[in-house]
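# Residue-level structure breakdown
Residue-level listing of the chains:
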Amino acid sequence: MKDLSLHILDIVQNSIRAKATLIGIEITEHPKENNLIISVLDDGTGMSPEQLQRAIDPFYTSRTTRKVGLGLSLFKQNTEMTGGSFSIESELGKGTKVTAVFGLNHFDRPVMGDLVGTLLILICSPDAPDYVFKHQTPSGEFEFNTRDIKQTLEDVPITHPDVRNFLKEMLQENLEQIQISE
Amino acid sequence: MNKIKSLADLKKLQTEVQSKIKLREKGDHSENLIQIKVSMATCGIASGAKETMTYFIEELDHQGIDAIVTQTGCMGYCYAEPTIELTIPGQQPVVYGFVTKAKAQEIIEKHVKLNEMVDGIIPVNYSSIDN
């Protein structure tokens, strides 16, 4: 997985599978502390303590289509390669929070990549859950909530091409203003 | 900070799009539309499923083809990612493997537009005949 945006897309798939109705994605950059924190939290089914203990085991998965579950373990490995840390908190029936801390200026930190493309795929899918996205850098903060967007759109689907193009531009413009570090 | 696009701008767009939608026939029920599901698990994402899905969405829109492009979980064909499942209304779904942008273009041009299956179907039980 070459970009952090692809890791985010991958980790969010776990929340979608856990039937989350609201997913939070938070990215915070702290240049002074030299870290970049990515958190994905959801209100999905959550995990039992036994499942949680095995969640980062690459040979454990709750899927039945295959016998490996590499997403979380690859994400954890990437944080450790940059001197960072990785944690998962989860409770059955309440949801899960995945937090990955990367060394911001570390040579091995993957680039953020196409964050706008990742967000569009997540937001503009039929039957997508709601998302709250927050990106904070020393230059500023950008936050959006798909509930506000859907409320504004009324019966116009969020998947409509014109809406998608609007959201693409909105995300690009706002994220450029707070300068995503690469 | 100068925020360029806002919810007020989205509201204006909503009004325009809503009037366009009302002008169209009410024939857009999902069962009457072409459906493309892109497998979006770790294996798919690492192999380029995001680019494949974005290509399908943008190219179908560009060509004015009404279709539902959505994401799905692992279909179990990790060796052949990116994989997609294509359903033409009234027909059985077909799964394609190794769907790069070039393969996606071929699928749109032949299977979606002409209803001609192309190579790359999995499980491997179909190949086109060279004349």
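The rules behind these values
Residues numbered from 1 in each chain as written. Chains lettered and ligands numbered in written order. Predicted model: local features only at pLDDT ≥ 70, side-chain atom pairs only at ≥ 80, totals over all residues. Buried ≥ 20, exposed ≤ 12 C-beta atoms within 10 Å, placed from the backbone. Helix = DSSP H or I, 4+ residues; strand = E, 2+ residues; numbered from the N terminus. Contact = placed C-beta atoms within 7 Å. Pairing = 2+ DSSP bridges. Axes fitted to C-alpha atoms, helices over the stretch in contact; angles between N-to-C directions. Expected span 1.5 Å × (residues − 1). Nonpolar A, V, L, I, M, F, W, Y, C, P; charged D, E, K, R; others polar. Parallel < 35°, antiparallel > 145°, perpendicular 65-115°, else oblique. Left-handed = near helix turned anticlockwise from the far one by under 90°. Core = buried A, V, L, I, M, F, W, Y, C linked by C-beta atoms within 7 Å.

For helix α4 (residues 115–123) of chain A, the buried fraction is high: eight of the nine residues fall into the buried class. For α4(A), the full list of buried residues reads A:Leu115, A:Val116, A:Thr118, A:Leu119, A:Leu120, A:Ile121, A:Leu122 and A:Ile123. The inward-facing, buried residues of α4(A) contact α1 (4–17), β5 (130–137), α5 (146–153) and α6 (161–177) of chain A together with α3 (49–62) and β2 (67–72) of chain B.

Moving on, we get to the sheet that holds β5(A). All names here are of chain A. Taken together, six strands build an open sheet; the order of strands is β3-β4-β2-β1-β5-β6 and the sheet is mixed. Whereas interior strands pair on both sides, the edge strands pair on one side only; in this sheet they are β3 (85–91) and β6 (140–145). Each strand axis lies, on average, 5° off the axis of its neighbour in the sheet, ignoring direction. Relative to β6, β5 runs antiparallel, the two being bridged by six bridges.

It is worth spelling out α6(A) at this point. Under the 1.5 Å per step criterion, the end-to-end length of α6(A) is 24 Å for 17 residues, consistent within 8% with the ideal 24 Å. Positive backbone phi, at 50°, marks A:Gln179, one or two positions downstream of α6(A).

This part covers the interface of chain B and chain A. Quite often, the size of an interface is put as the accessible area lost when its parts meet. Listed by partner, the interface residues are 29 residues for chain B and 33 residues for chain A. Going through the elements one at a time, α1 (7–23), α2 (42–47), α3 and β2 of chain B are the ones with two or more residues in the side of chain B that touches chain A. Here the element with the most residues in the side of chain B that touches chain A is α1(B); it accounts for eight residues. A class-by-class count of the residues in the side of chain B that touches chain A yields 16 nonpolar, eight polar and five charged.

Residues and elements named next belong to chain A. At a minimum axis separation of 8 Å, α1 and α4 run at an interaxial angle of 20°. Relative to α4, α1 is oriented roughly parallel. Where α1 crosses over α4, the handedness of that crossing is right-handed. On α4, the residues that touch Ser5, Ile8, Leu9 and Val12 of α1 are Leu115, Thr118, Ile121 and Leu122. By residue class, the composition of the contact of α1 with α4 is six nonpolar, two polar and no charged.

In this section: the nonpolar core. Core analysis: the biggest nonpolar cluster contains 69 residues, and A:Ile8, A:Val12, A:Val40, A:Leu119, A:Leu167 and B:Phe56 have the highest contact counts within it. Excluding residues that lie within four positions of it along the chain, A:Leu119 makes contacts with A:Phe133 and A:Leu171.

Residue and element names in this part refer to chain B. Reading across from one edge, β2-β1-β3-β4 is the order of the four strands in this open sheet, with mixed pairing throughout. In the strand order of this sheet, the two ends are held by β2 and β4 (94–96), each with one partner. The mean angle between the axes of side-by-side strands here comes to 20°, regardless of whether they run parallel or antiparallel. With four bridges connecting them, strand β1 (residues 34–39) and strand β3 (residues 84–87) associate as antiparallel partners. Its bridge partner lying in β3, Val38 is registered against Ile84.

We now examine the environment of B:Glu51. Residues and elements named next belong to chain B. Summarising the element assignment, Glu51 is placed in helix α3. Taking the C-beta count within 10 Å as the criterion, Glu51 has 16 such neighbours and is therefore assigned partly exposed. Separated by 50 residues in sequence, Glu51 and Lys101 place their C-alpha atoms 7.5 Å apart.

Attention now goes to the packing of α1(A) against helix α3 (residues 71–81) of chain A. For any two helices packed against each other, one specifies the inter-axial angle together with the distance between the axes. Residues and elements named next belong to chain A. Their axes nearest at 10 Å, the elements α1 and α3 cross at an angle of 140°. The angle between α1 and α3 falls in the class oblique. The element α1 and its partner α3 pack so that their crossing is left-handed. Only Gly71, Phe75 and Asn78 of α3 make contact with α1, whose side of the interface consists of His7, Asp10, Ile11 and Asn14. Looking at the contact of α1 with α3 residue by residue, the class counts come to two nonpolar, four polar and one charged.

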